[in-house]
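The chain contents come next:
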Amino acid sequence: MHDDAIETTLTVEKRTIDHIPVTERHGKARDLFTIWFGSNIMLLTVATGVVATAVYGLPVWAAVIALVVGHALGGVVMALHAAQGPQMGVPQMLQTRAQFGSYGSLLVVVLVIFMYVGFFASNMVLGGQAVSSLFGLDETFSIILIGLVSVAGAIVGYRMIHALTGLMSLVSGLVMVLAFVWVLAVNDLPTGTFHSDGATLAGFMGTISLAALWQIAYAPYVSDYTRYMPRDTGVRPAFWATYAGAVLGSLFPMILGAVVGAALPESDTVSGLQELTHGVGGLVIAVFGIGIACTNAMNLYCGALSTITVGQTIFPRWVPGAAARGVVSALLFVAAVVMALAGKDDFLVNFTNFMLLLLCVLVPWTAVNLVDYYLLKHGEYDIDSLFERDGGRYGQFNLIAVGCYFLGIAVQVPFLVTTKYTGPIGERLHYVDISWIVGLAVICPLYLFLMRRFSRFSGHRPALEPAAQGGVA
């Protein structure tokens, strides 16, 4: 790597949520493969696969099928957001102002911030367990240490995160192959690991939901990592590079986790994986632990941009820069540490409930966003309006979008199946969770119909002339 490339990678990013000019655009669609492939090969992904067999009780064969189906479906929703960044040049959650209005968008953005902090905390728990296991350090100290490494990546910003995930795509990918070889061919698995009994429809659908949500939960991230790319990147290249990276990078670690859960259902993810990869276990845990630090830098970076979006909405004259991103990152880190230490003792159950409830609030947002972008506006937005306090042509509240969002949550509640709450229809369906499917099926056509028929009540103002558009035509 040349010295100027190193300097560019290590230079602190100056921009936060402001529009990226065409003159600063760089990168190619293939960069999207590595950022999603490299960031997904980590311990939290393995732990999610463990849920399929250790929590839902599926045999490995059923878990693999459910994981493939879930990732294949959820990946479509996630990757459709990839084209929005090059076209609009702004972070994903800032774009929400175009659908919900300047103040209406805060409803979604605040929930997404909670999601980022939740993922950051979950990753810190597993990363802390890995460091504690490898080096014999105190677990609480290890959790905080992993978090601090991630803070550095978030502060440096976009180029650093792209470079780290590119490197981890190669390193983690090779180590993942090594782990499969050791688990399946070198070491002897416990008797009964590949039993064929125990498959239930509830467990199968629960695993599909977890895998689908894993992908859908990335939807608020996507444009944050494509907004610097040239506008001519193209919808199809951006979609397929993102889809392939996210699906393949998530699927194989989860399959590995499913084997760990079937072989050692009573063990935690770190100790179980280390035992099954005995001989190279230290290397596997170390690399997957480093992967956590890279992914958590992404969580913190996106969380900081979303928090800044909230602040800039309330204080429109504020022009946040790198220093603001650093301060916000530090505050979010503290919140994540509190959450991690509070929930670390019952990690898998807490994480599963968190994921399923998160799905309930993300599905109606992604439905509104994608329908608006692809079917109503066709990617044509007034960027200047996104930074105006009154929302410009998009107004302060889009009552149709806000109404569809709340309705999207409401229609899912009866179908929810979690350890904390199970809806009445979920019980009648024998604890099969199809809530996210219902949410998408209801809100996508409803929002399209209402906006086409009653857009005059949405709060949006008439379209501007092309010359007045803020850079997206």
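Structure shown above.
Please read these numbers as outputs of a predicted model, since none were measured by experiment.

### A word on helix α6 (residues 92-100)
Right, on to step 1. Most of α6 sits out of view: nine of its nine residues are buried.
Right, on to step 2. Of all the positions in α6, only Gln-92, Met-93, Leu-94, Gln-95, Thr-96, Arg-97, Ala-98, Gln-99 and Phe-100 are classed as buried.
Right, on to step 3. One or two positions beyond α6, positive phi appears at Gly-101, with a value near 90°.

### A short note on the side chain of Asn-299
Right, on to step 1. With respect to the helices and strands, Asn-299 occurs in helix α13 (residues 281-314).
Right, on to step 2. Owing to a relative accessible area of 3%, Asn-299 belongs among the buried residues under this scheme.
Right, on to step 3. In terms of polar contacts, Asn-299 uses its side chain to reach the side chain of Tyr-221, at 2.3 Å.

### Examining the pattern of salt bridges
Right, on to step 1. If you walk through the whole model with that rule in mind, you get four salt bridges.
Right, on to step 2. A salt bridge links Arg-15 to Glu-24; the shortest N-O distance between them is 2.7 Å.
Right, on to step 3. A relative accessible area of 32% places Glu-24 in the partly exposed class.
Right, on to step 4. Overlapping salt bridges, with partners in common, bring together Arg-15, Asp-18 and Glu-24 in one network.

### As for unusual backbone geometry
Right, on to step 1. Here His-430, not a glycine, exhibits a phi torsion of approximately 60°, which is positive.
Right, on to step 2. Its location among the elements puts His-430 in the loop between α17 (424-428) and α18 (435-454).

### What to know about the nonpolar core
Right, on to step 1. The biggest cluster of nonpolar side chains holds 142 residues, and the ones touching the most others in it are Trp-36 and Phe-288.
Right, on to step 2. Element by element, the count of residues in this core is highest for helix α7 (residues 106-135), at 16 residues.
Right, on to step 3. If near-sequence neighbours (up to four positions away) are discounted, Trp-36 is found in contact with Met-78, Tyr-218, Tyr-221, Val-222, Tyr-225, Thr-242, Gly-245, Ala-246 and Met-298.
Right, on to step 4. Among the nonpolar cores identified, the runner-up in size contains five residues, and Ala-52, Leu-58, Ala-63 and Ala-258 belong to it.

### With respect to the packing of helix α4 (residues 60-80) against helix α11 (residues 235-263)
Right, on to step 1. Where α4 contacts α11, the two axes come as close as 9 Å, and the packing angle between them is 155°. For the element pair α4 / α11, the angle class is roughly antiparallel. Seen along the crossing, α4 lies across α11 with a hand that is right-handed. In this structure, α4 contributes Val-60, Ala-63, Val-64, Leu-67, Val-68, His-71, Ala-72, Gly-75, Val-76, Met-78, Ala-79 and Leu-80 to the contact, and α11 contributes Phe-239, Thr-242, Tyr-243, Ala-246, Val-247, Ser-250, Leu-251, Met-254, Ile-255, Ala-258, Val-259 and Ala-262.
Right, on to step 2. Each residue belonging to the contact of α4 with α11 can be placed in one class, and the counts come to 20 nonpolar, four polar and no charged.

Cut-offs applied
- Residues numbered from 1 in each chain as written.
- Predicted model: local features only at pLDDT ≥ 70, side-chain atom pairs only at ≥ 80, totals over all residues.
- Heavy atoms only, no water.
- Buried < 20%, exposed > 50% of the residue type's maximum accessible area, 1.4 Å probe, protein only.
- Helix = DSSP H or I, 4+ residues; strand = E, 2+ residues; numbered from the N terminus.
- Polar contact = N/O pair within 3.5 Å; in protein donor to acceptor, adjacent residues only side chain to side chain.
- Salt bridge = Lys/Arg side-chain N within 4 Å of Asp/Glu carboxyl O.
- Core = buried A, V, L, I, M, F, W, Y, C linked by side-chain atoms within 4.5 Å.
- Contact = heavy atoms within 4.5 Å.
- Axes fitted to C-alpha atoms, helices over the stretch in contact; angles between N-to-C directions.
- Parallel < 35°, antiparallel > 145°, perpendicular 65-115°, else oblique.
- Left-handed = near helix turned anticlockwise from the far one by under 90°.
- Nonpolar A, V, L, I, M, F, W, Y, C, P; charged D, E, K, R; others polar.

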